Amino acid sequence: MSFWSCKVVEGSPHAVAKGSTGKMLHITGAMLTKSSKPGKSYLMLTKGVNTFTVGMLKKDRAEGLRLDLFVTEEENVRLSVSGPAEVQLIGSFEKCALVWCLV
């Protein structure tokens, strides 16, 4: 298992790197950074042509999210933010269990 982290801001999505290591990214948390501006911000996950809202963050109200998202390196996944916040995501790369990787 190896630690993973990235920052995402509106207009600058983060693409999960493709690789052939057979590992799965387990995203476990999202939180606002100190430089985040007031207002609602939505964390979005795009897989192929489909975009999903993962959660909403708001300064001084809901500054963090616990997540349990698994993304294989072979998937075309981008993480983005809609709103004024800068969001820090954390997680880890884990070995891909056979059952999970068959999907």
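Residues numbered from 1 in each chain as written. Predicted model: local features only at pLDDT ≥ 70, side-chain atom pairs only at ≥ 80, totals over all residues. Heavy atoms only, no water.

Draft legend 1. Spotlight on the sheet that holds strand β6 (residues 64-72). The sheet built from 4 strands is open, its strands ordered β1-β8-β3-β6 with antiparallel pairing. Across the chains shown, the open sheet's two edge strands, defined by having one partner strand only, are β1 (2-9) and β6. Along the sheet, successive strands turn relative to each other by an average axial angle of 25 degrees, direction set aside. Strand direction decides the pairing type here: β1 and strand β8 (residues 86-95), joined by 8 bridges, are antiparallel. Within the sheet, the bridge partner assigned to V9 lies in β8 and is E86. (Pairing = 2+ DSSP bridges. Helix = DSSP H or I, 4+ residues; strand = E, 2+ residues; numbered from the N terminus. Axes fitted to C-alpha atoms, helices over the stretch in contact; angles between N-to-C directions.)

Draft legend 2. Representation of the pairing of strand β4 (residues 40-47) in the model. Across 8 bridges, β4 lies against strand β5 (residues 50-58) in antiparallel orientation. Residue pairing across strands places K47 opposite N50, the latter belonging to β5. Here β4 hands over to β5 after 2 residues, with G48 in that stretch at a positive phi of 65 degrees.

Draft legend 3. Quick look at the side chain of Q88. Note on placement: Q88 falls in strand β8. Its relative accessible area of 17% is what places Q88 among the buried residues. Side chain to side chain, Q88 and S5 meet in a polar contact 2.3 Å long. Every residue in contact with Q88, bar those within four places of it in the chain, is listed here: S5, C6, K7, G29, A30, M31 and T33. (Buried < 20%, exposed > 50% of the residue type's maximum accessible area, 1.4 Å probe, protein only. Polar contact = N/O pair within 3.5 Å; in protein donor to acceptor, adjacent residues only side chain to side chain. Contact = heavy atoms within 4.5 Å.)

Read these as spatial facts, not as claims about activity.
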